[in-house]
Amino acid sequence: MDRTLRRKITNSIFVVLCAAATLVALAFLVMILWSLVAKGFGGIDANIFTMTQPAPGSPGGLLNGILGSILMCALGMLLAIVVGILAGTWLAEYGGKTAYGQVVRFLNDVLLSAPSILVGLFVYEILVKPFHGFSGYAGGVALGLLAVPIVTRTTEDMLTLQPNTLREAGMALGAGRGFVIRSIIWKAAGAGLFTGGLLGFARISGETAPLLFTSLGNQFVNLKMSQPMGSLPTTIFQFALSAYDDWQRLAWVGALLIAIAVLAVNIVGRLVARETHRP
Amino acid sequence: MNDVATPIITRDPEAPIMVRPTGDLVLEARQLDFFYGKSQSLYGVDLPIERNKITALIGPSGCGKSTLLRTLNKIYDLYPGQNATGRILLDGKDILADRASVSRLKERDGDVALEPANLDTSALRARIGMVFQKPTPFPMSIYDNVAFGVRLYFKKSKAEMDQIVERSLRRAALWDEVKDKLNTSGLGLSGGQQQRLCVARGIAVEPEVLLLDEPASALDPVSTAKLEETLMELRDDFSIVIVTHNLQQAARISDYTGFMFLGRMIEFRPTAELFERPQSTRTRDYVTGRFG
Amino acid sequence: MNATTMDSETAPPRETAPGQSELSETIFRGLCFGAATLLMAALAGVVISLAIGGWPAFKQFGFGFFTSSAWNPVTEDYGAAGPIVGTVVTSVLALVIALPLAVGVSVFLVEFCPRNIAKPIAVAVELLAGIPSIVYGMWGLFVLAPWFALHVQLPLMTSTSLPGWFQAMIAGIPNGANIFTASLILAIMILPYMSAVFRELLLTIPSQVREAAYGLGSTNFEVVSKVMIPYVRRGAVGVVMLGLGRALGETMAVTFIIGNSHGFPHSLFDSGSTIASTIANEFAEATSDMHTSALIALGLVLFILTFAVLAIARLLLASEKH
């Protein structure tokens, strides 16, 4: 076969394959979202948000899981934001270029990609075993540990983007370095830091594995963080693997709720990022 | 204006041709060396700044004029590995207080007993302010931008602060343009307005000296003209040192000009004399545009 | 001196330190440093607690822990071989499936896609990355598994014209919960992540390089395969390892669909287990201290595995970014 023709045919096949790959990826997205909506949407009613999880066969909702997830995610985000912003600030403004800073950055990346179930094991060892009980605190801490490397990374990236002249201008007026960071640099990077928080939240809102042996789960609505606490993901886990139809339906509703929350957070994050890039 | 003082006859032919101002010196650098790590970029520079005058620093890229400016308010100590030796006198008191350079100065000037200024760096920067090349408004309202420096040092009532902000913005020729939007973000102003905001911010703390590093290089000609006008009026209350690569600008607005080359002060004289009758061939070549 | 708006009663002497003190500077810096160190401590804590918790099992079974596929809570005999094999096989298989797809998607978006729809598609693919793993797990369990059992396993099992070795490879209970489907789900999970990073890598190639290649008359395929991908070679390997690392540690998506049996899987369509799924299923109801310790020991193995893979990935990606 003529060489040019062969090259052309190879090329066409290649383009088609690439397009096909993209279609496959998009197809999966559509299929998964479709299943979520088809199986979960029909189950949404007022009960979901007002009643706790039921015994099989009885009416009920997901209130205990929803409230528990909200509480533990809030605790986790609080920890992640406080530690993450301070640590990211240290990397960007103080010690990031030193050898110790390189180590911290590297280990932060390791924590970022560590299997979440291992983080759960760690929190079990330090917060559950010694106190002889599962608790919402343990669950919140586990979630916080998963979110903190994201916040740290984003904070460092956003702060490093700020031009040095901004720092110099503040210090030229006589302000100390920390003062300049808090009153000028943090404000300038504000939107970016907020996005870091959103990304962290998006990660932990759907996390199941670490909660399995920290907060364990609770079929009743429990607002006491020192006791085992229900969460949406653990409820889904329990219900999905069960043999009961109505439980499985509730599991789909829960999955849909989580997916909506995560997608909403992602969209808000993108909008915020786009707003700040406007001059 | 200024009398033409007789030039100092120096022993060293390599030494700069300096005409020291006759008036009171608010700031003076003596035998200043500067190092980026191991490499030296300023060599024994003398710079006398007369009170309530505009002093310009000119020279080709890399000659050290910005470096020199940045030693005067010690902004270089943000960066480890950069340091200066020599003397910088603010109102006659040494702000570098570097013992190592004392013996060298003993030989030349015979003045050893110079009082150290005992200023920590922050207090120093309250007295020597700086405006940068790129306008750097803080991410806050115009009002808060101007008030920022003042709030570092004083607790003022709202009425007093309002007064200070208005006065600073008026002096920076920005008041009329922003008086109705003091609470809007400083980032919403045009480039020229932002730079004047930075000037207002710098003078709000009533420094003795205002340093400006190529303040108009990012501005259009109209904004530049406005800024130059402002600086000339500010001369009554402040002493101004301006680094510029725009020779016409230096000639237009400054009282004294120092020409630098490769880290050395080559010639320092009243502006008109330096431009019309430069005594060093290098100065002459630069101001006539033979190199740049 | 200058005229001043501050009268001498309200103005403090200029020689003293201004508004914010040395002390607050030091405290702030200390807090920031403390936070950074806390991060390190947390990671160290994870490793240490895994080592301590797993130690009894290592001591009891020694090196045999890694080679035995027994898992018997009654006789207190535990071996990690089953979960380890399951973890590695599913992850590698997921990578084999996902890699060509990820390359295809990213190349398509960078080279062939019309500009105005490229961004929305890229965003859609990234959204796929954000979906929590439990949702993948649900979809895998309720949609993929039944479909697979009905449309792939049954036809293959009932067909009589397949060679013997192939039949051995696909032997298994036709419920769709097996090593292969678990790998498939993992592949779908790591695909968007890998394609996003790979796309970023491709975008770092200077346009002059691409233009020079096209200018010589090359086809798209030749430019991509002979110029672009080699250009980002090291980063590409890094992306592969990132995907692998992610797949190794994935828990929920896999647990639903892998069948959860402890021994070696005997075929592609046989059920198995991964380290993560074993821990997830058994930890909360572990029957004894040794059981718990064995599970934690498994966790340590997983940690070392993912750490090694991810460390290599980061190094490769970092060196790519110069």
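Scroll up to find the structure.
Residue numbers restart at each chain and count upward from 1, following the sequence in its written direction. Labels are handed out in written order, letters beginning with A for the chains and numbers beginning with 1 for the ligands. A pLDDT threshold of at least 70 governs which residues receive local features in this predicted model, and a stricter bar of 80 or more applies before side-chain atom pairs are shown or counted, although totals over entire chains, interfaces and linings include all residues.

A.B. asks: Break down helix α9 (residues 190-205) of chain A for me, citing the residues and quoting the values.
C.D. replies: Where helices and strands are cited, they refer to DSSP runs of H or I of at least four residues and of E of at least two residues respectively, numbered from the N terminus. Multiply 1.5 Å by the residue count of a helix minus one, and that product is the helix's expected span. With 16 residues, α9(A) ought to run about 22 Å at 1.5 Å a step, and its terminal C-alpha atoms sit 23 Å apart, in line with that. Here a residue counts as buried when 20 or more other C-beta atoms sit within 10 Å of its C-beta, as exposed when there are 12 or fewer, and as partly exposed otherwise, the C-beta atoms being derived from the backbone. Taken residue by residue, α9(A) has Leu193(A), Gly196(A), Gly197(A), Leu198(A), Gly200(A), Phe201(A), Ala202(A), Arg203(A), Ile204(A) and Ser205(A) as its buried positions.

A.B. asks: Give a detailed account of the interface of chain B and chain A, specifying residues and quantitative values.
C.D. replies: You'll often see interface size given as the accessible area lost when the parts meet. If you look at the interface, chain B gives 19 residues, while chain A gives 13 residues. Secondary-structure elements contributing two or more residues to the side of chain B that touches chain A are α3 (121-127), β7 (128-131) and α4 (142-153) of chain B. Amino acid classes used here: Ala, Val, Leu, Ile, Met, Phe, Trp, Tyr, Cys and Pro are nonpolar; Asp, Glu, Lys and Arg are charged; the rest, including Gly, are polar. In terms of residue class, the side of chain B that touches chain A is built from 12 nonpolar, 5 polar and 2 charged. What counts as a contact is two residues whose backbone-derived C-beta atoms lie within 7 Å of each other.

A.B. asks: Outline the interface of chain C and chain A, listing residues and values.
C.D. replies: Every contact between the two is made by 67 residues of chain C and, on the other side, 72 residues of chain A. Looking at the side of chain C that touches chain A element by element, the count peaks at 19 residues for helix α1 (residues 22-61) of chain C.

A.B. asks: Describe the nonpolar core, with residues and values.
C.D. replies: Working definition: the nonpolar core is a set of buried Ala, Val, Leu, Ile, Met, Phe, Trp, Tyr and Cys residues, joined through C-beta atoms within 7 Å. Residues Ala255(A), Val135(C), Met138(C) and Ile185(C) are the most contacted members of the largest nonpolar core, which totals 268 residues. Looking at this core element by element, the count peaks at 18 residues for helix α7 (residues 179-203) of chain C. Note that the domain bounds reflect an automated or database-derived domain assignment. Taken together, domain 1 (3-43) and domain 2 (48-276) of chain A each give at least three residues to this core, which thus spans both. Not counting the four nearest positions on each side in its chain, Ala255(A) is found in contact with Leu36(A), Gly40(A), Ile236(A), Ile134(C), Val135(C) and Met138(C).

A.B. asks: So what about the sheet that holds strand β4 (residues 54-58) of chain B? Which residues, and what values?
C.D. replies: Residue and element names in this part refer to chain B. In this analysis, strands are considered paired if DSSP registers two or more bridges between them. Sheet architecture is open: 7 strands sit in the order β1-β11-β10-β4-β9-β8-β7, paired in mixed fashion. The open sheet has two edge strands with one neighbour each: β1 (17-18) and β7. Pairing analysis gives 5 bridges linking strand β8 (residues 209-213) to strand β9 (residues 239-243), with the strands arranged parallel. Opposite Leu212, over in β9, you have Ile242 as the bridge partner.

A.B. asks: Help me get a handle on unusual backbone geometry, residues and values and all.
C.D. replies: In terms of backbone geometry, most residues other than glycine have negative phi values and most peptide bonds are trans. The phi angle at His132(A) is positive, at roughly 55°, despite the residue not being glycine. By the C-beta count within 10 Å, which is 6 here, His132(A) ends up exposed. We note that Asp91(B) has phi near 50°; this positive angle belongs to a residue other than glycine. Mapping Asp91(B) onto the fold places it in the loop between β5 (82-90) and β6 (93-94). According to the C-beta neighbour criterion, Asp91(B) is partly exposed, with 15 such atoms within 10 Å.

A.B. asks: How would you sum up the pairing of strand β11 (residues 264-270) of chain B? Please name residues and give values.
C.D. replies: All names here are of chain B. Burial of β11 is extensive: 5 of the 7 residues sit out of reach of the surface. Direction of pairing for β1 relative to β11: parallel, over a ladder of 2 bridges. Bridged to Met18 within β11 is Phe268. Direction of pairing for strand β10 (residues 256-261) relative to β11: antiparallel, over a ladder of 6 bridges. Considered in β11, the bridge of Thr257 is made with Arg269. The hairpin formed by β10 and β11 contains 2 residues between the paired strands, and Leu262 there has a positive phi angle of roughly 50°.

A.B. asks: Provide a residue-level description of the packing of helix α5 (residues 116-128) of chain A against α1(C), including the pertinent values.
C.D. replies: To obtain an axis, a line is fitted to C-alpha atoms, over the contacting stretch when the element is a helix, and the angle between two such axes runs from 0 to 180 degrees between their N-to-C directions. In the contact formed by α5(A) and α1(C), the axes pass within 9 Å of each other and the chain directions differ by 75°. The angle between α5(A) and α1(C) falls in the class roughly perpendicular. Where α5(A) approaches α1(C), its residues Leu118(A), Val119(A), Leu121(A), Phe122(A), Glu125(A) and Ile126(A) are matched on the opposing element by Gly45(C), Val46(C), Ser49(C), Leu50(C) and Gly53(C). Here the contact of α5(A) with α1(C) is built from residues that sort into 7 nonpolar, 3 polar and 1 charged. Angle categories: roughly parallel below 35 degrees, roughly antiparallel above 145, roughly perpendicular from 65 to 115, and oblique for all the rest.

A.B. asks: Account for the packing of α4(B) against helix α7 (residues 191-204) of chain B, naming residues and giving values.
C.D. replies: All names here are of chain B. Where α4 contacts α7, the two axes come as close as 7 Å, and the packing angle between them is 30°. For the element pair α4 / α7, the angle class is roughly parallel. Both α4 and α7 take part in a crossing whose hand is right-handed. Of the residues in α7, those touching α4 at Ile142, Asn145, Val146, Phe148, Gly149 and Val150 are Leu197, Ala200, Arg201 and Ala204. A class-by-class count of the residues in the contact of α4 with α7 yields 7 nonpolar, 2 polar and 1 charged. Crossing handedness is read from the near helix: turned anticlockwise from the far helix by less than a right angle, it gives a left-handed crossing, and turned clockwise, a right-handed one.

A.B. asks: Explain the environment of Val110(A) residue by residue, including any values.
C.D. replies: Its location among the elements puts Val110(A) in helix α4 (residues 99-113). Taking the number of C-beta atoms within 10 Å as the measure of exposure, Val110(A) has 20 and is therefore buried. The spatial distance from the C-alpha of Val110(A) to the C-alpha of Glu93(A) is 22 Å, given a sequence separation of 17 residues. With near-sequence residues (within four places) excluded, Val110(A) lies in contact with Leu43(C), Phe307(C) and Leu310(C).

Take it as geometry only, folks, not as evidence of what the structure does.
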